[in-house]
Amino acid sequence: NAGVTQTPKFRILKIGQSMTLQCTQDMNHNYMYWYRQDPGMGLKLIYYSVGAGITDKGEVPNGYNVSRSTTEDFPLRLELAAPSQTSVYFCASSLDGTMEAFFGQGTRLTVV
Amino acid sequence: EDQVTQSPEALRLQEGESSSLNCSYTVSGLRGLFWYRQDPGKGPEFLFTLYSAGEEKEKERLKATLTKKESFLHITAPKPEDSATYLCAVQPGGYNQGGKLIFGQGTELSVKP
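Residues numbered from 1 in each chain as written. Chains lettered and ligands numbered in written order. Predicted model: local features only at pLDDT ≥ 70, side-chain atom pairs only at ≥ 80, totals over all residues. Heavy atoms only, no water.

## A short note on the packing of aromatic side chains
The description of an aromatic ring pair rests on the distance of the ring centres and on the angle between the ring planes. By the definition in use, this model includes nine aromatic pairs over all chains. Ring geometry for Phe 103 of chain A against Tyr 36 of chain B: centres 5.4 Å apart, planes inclined by 85 degrees, an arrangement best described as edge-to-face. Taken together, the positions of Phe 103 of chain A in strand E10 (residues 102–103) and Tyr 36 of chain B in strand E4 (residues 30–38) put the pair across two chains. Across this residue pair, the class does not change: Phe 103 of chain A and Tyr 36 of chain B are buried. (Phe/Tyr/Trp six-rings, centres within 6.5 Å; stacked < 30°, edge-to-face > 60°. Helix = DSSP H or I, 4+ residues; strand = E, 2+ residues; numbered from the N terminus. Buried < 20%, exposed > 50% of the residue type's maximum accessible area, 1.4 Å probe, protein only.)

Structure follows, in structure tokens:
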């Protein structure tokens, strides 16, 4: 039982490049989330999904896109990387909207 | 606006020196308050959920309490392995909130032997 798995763990992007952060969970959780964590700022919600085919914006969605074609996977897409997107990204999942969320190990992204 | 503030930002303790971390919140209808532990380079790890004022939860040297405006994480006789950043998060109630969490900025705890 792996829980929430994120890939890659580290990535350096040049300004304007695109990439997809992968997230998969094997707990059959309905809800999935993407957060970003900046030093001293706490975690901010980017996008979330309450089930396959359903996604919605969080607090800081600009510059990102998501899709949820299966229960297990919730990839995060950066289309035109900007230095402001340098951050640590965490994917999380929860069984429903009231239970605790389980987090992945994070992806550290640097945009130069 | 829903908001979570944690204090202090950093706390240094000697092994065995008990203390408390504070989490103050304003939220439109609290569904739940969550405490997480985060080690450097790792994702947050779930500790407790509190749902209503007066509720308490315990786990080893940690005890979490909740009032209508704040939560405390009490650490009794801490050990060096308790060193980590402790995150507090609230889950707003109401329709269509999607289970999202609003996090505080965290308290970085260091316990010296």
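## Description of the sheet that holds strand E8 (residues 76–78) of chain A
Residue and element names in this part refer to chain A. Across the sheet, four strands lie side by side as E1-E3-E8-E7; this open sheet has antiparallel pairing. In this open sheet, the two strands that pair with only one neighbour each are strand E1 (4–7) and strand E7 (64–66). Sheet twist, expressed as the mean angle between neighbouring strand axes with direction ignored, is 20 degrees. Pairing geometry for strand E3 (residues 19–25) and E8, over three bridges, is antiparallel. Its bridge partner lying in E8, Thr 20 is registered against Arg 77. (Pairing = 2+ DSSP bridges. Axes fitted to C-alpha atoms, helices over the stretch in contact; angles between N-to-C directions.)

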